[in-house]
Amino acid sequence: MCFLSSTRLAAVAWFCSALCPNPSLAADGELSPKTVAEYRAALHMDDHTRAMYNAITNNDIGLLSLNRDILRHHNDLFNHKIKTSAITNQLASGRCWLFAGLNVLRPELLLKHKAGKFEFSQTYLAFWDKMEKANTFLEDVIELADRD
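Residues numbered from 1 in each chain as written. Predicted model: local features only at pLDDT ≥ 70, side-chain atom pairs only at ≥ 80, totals over all residues. Heavy atoms only, no water.

A look at the confidence of the model for the protein
Summing up the model confidence of the protein, the mean pLDDT is 78 and the portion of residues at 70 or higher is 76%. Confidence, read as mean pLDDT per element, is least for helix H1 (residues 6-19) in the protein (54) and greatest for helix H7 (residues 122-143) (91). Across residues 1-6 the pLDDT falls below 50, and counting only partners more than four positions away or on other chains, this stretch makes two contacts in the model. (pLDDT = per-residue confidence, 0-100. Helix = DSSP H or I, 4+ residues; strand = E, 2+ residues; numbered from the N terminus. Contact = heavy atoms within 4.5 Å.)

Some words on the packing of aromatic side chains
Evaluated as defined, the whole model comprises three aromatic pairs. Plain terms: the ring middles of Phe-118 and Phe-120 are 5.0 Å apart, the flat faces sit at 85° to each other, and that makes the pair edge-to-face. An aromatic cluster is built from Tyr-124, Phe-127 and Trp-128, whose rings are joined through pairwise contacts. (Phe/Tyr/Trp six-rings, centres within 6.5 Å; stacked < 30°, edge-to-face > 60°.)

As for the packing of helix H6 (residues 96-113) against H7
One way to put it is that H6 packs onto H7 with a least axis distance of 11 Å and a crossing angle of 130°. In terms of orientation, H6 lies oblique with respect to H7. Every pair of crossing elements has a handedness; the one defined by H6 and H7 is right-handed. Residues Trp-97, Leu-98, Phe-99 and Leu-102 of H6 form the contact with H7, whose own contacting residues are Gln-122, Leu-125, Ala-126 and Asp-129. Of the residues assigned to the contact of H6 with H7, the class counts are six nonpolar, one polar and one charged. (Axes fitted to C-alpha atoms, helices over the stretch in contact; angles between N-to-C directions. Parallel < 35°, antiparallel > 145°, perpendicular 65-115°, else oblique. Left-handed = near helix turned anticlockwise from the far one by under 90°. Nonpolar A, V, L, I, M, F, W, Y, C, P; charged D, E, K, R; others polar.)

Observations concerning the pattern of salt bridges
Taken as a whole, this structure holds three salt bridges when the rule is applied. We note a salt bridge from Asp-129 to Lys-133, for which the minimum N-O separation is 3.1 Å. A residue pair is termed a helical-turn pair when its members lie 3 or 4 positions apart in one helix, as Asp-129 and Lys-133 do in helix H7 at four residues. The class of Lys-133 is exposed, set by a relative accessible area of 52%. (Salt bridge = Lys/Arg side-chain N within 4 Å of Asp/Glu carboxyl O. Buried < 20%, exposed > 50% of the residue type's maximum accessible area, 1.4 Å probe, protein only.)

A look at a nonpolar patch on the surface
On the surface, a nonpolar cluster with roughly 510 Å² of combined accessible area is contributed by Tyr-124, Leu-125, Phe-127, Trp-128 and Met-131. As for its placement among the helices and strands, Met-131 is situated in helix H7. (Patch = residues over 30% accessible without salt bridge, like charges linked within 9 Å, V, L, I, M, F, W, Y side chains within 5 Å. Areas by Shrake-Rupley, 256 points an atom, 1.4 Å probe, with all protein chains shown as cover.)

A word on a negative patch on the surface
On the surface, Glu-132, Glu-139, Asp-140 and Glu-143 cluster together into a negatively charged patch. Following the sequence through the fold, Glu-132 ends up in helix H7. (Lys, Arg positive; Asp, Glu negative; His and termini not counted. Charge placed at Lys NZ, Arg CZ, Asp CG, Glu CD.)

Shown next as structure tokens:
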């Protein structure tokens, strides 16, 4: 038996639904063996259909659906550039949101205060983030203390 990836399975489903008029789905919306048989019976595999079937089932649907004209005319230039300085590395701490925010703020602070090199304390802000989350949790516990 052949197993398809979810991307390829989605592509085959799209292909079948595009070619098969009025598919009869099971009452709860599921594909029944009868529906699959109807899809197969309604599919006429001419040369054009065979080429589409082979392309869809052997390639990434995202690549197949890419519109090259839009890509060719896309302007990847930006009209506003944010000044940056050295990037800080969060490693695997799960605080990318914090590091990204501070990396955006740091150049403005360096420019305003004419500082040579400066780095915000991510640890300090992460501590207070956790403290606020813990406080919110405890406030919720106090609010719900009278419930089972």
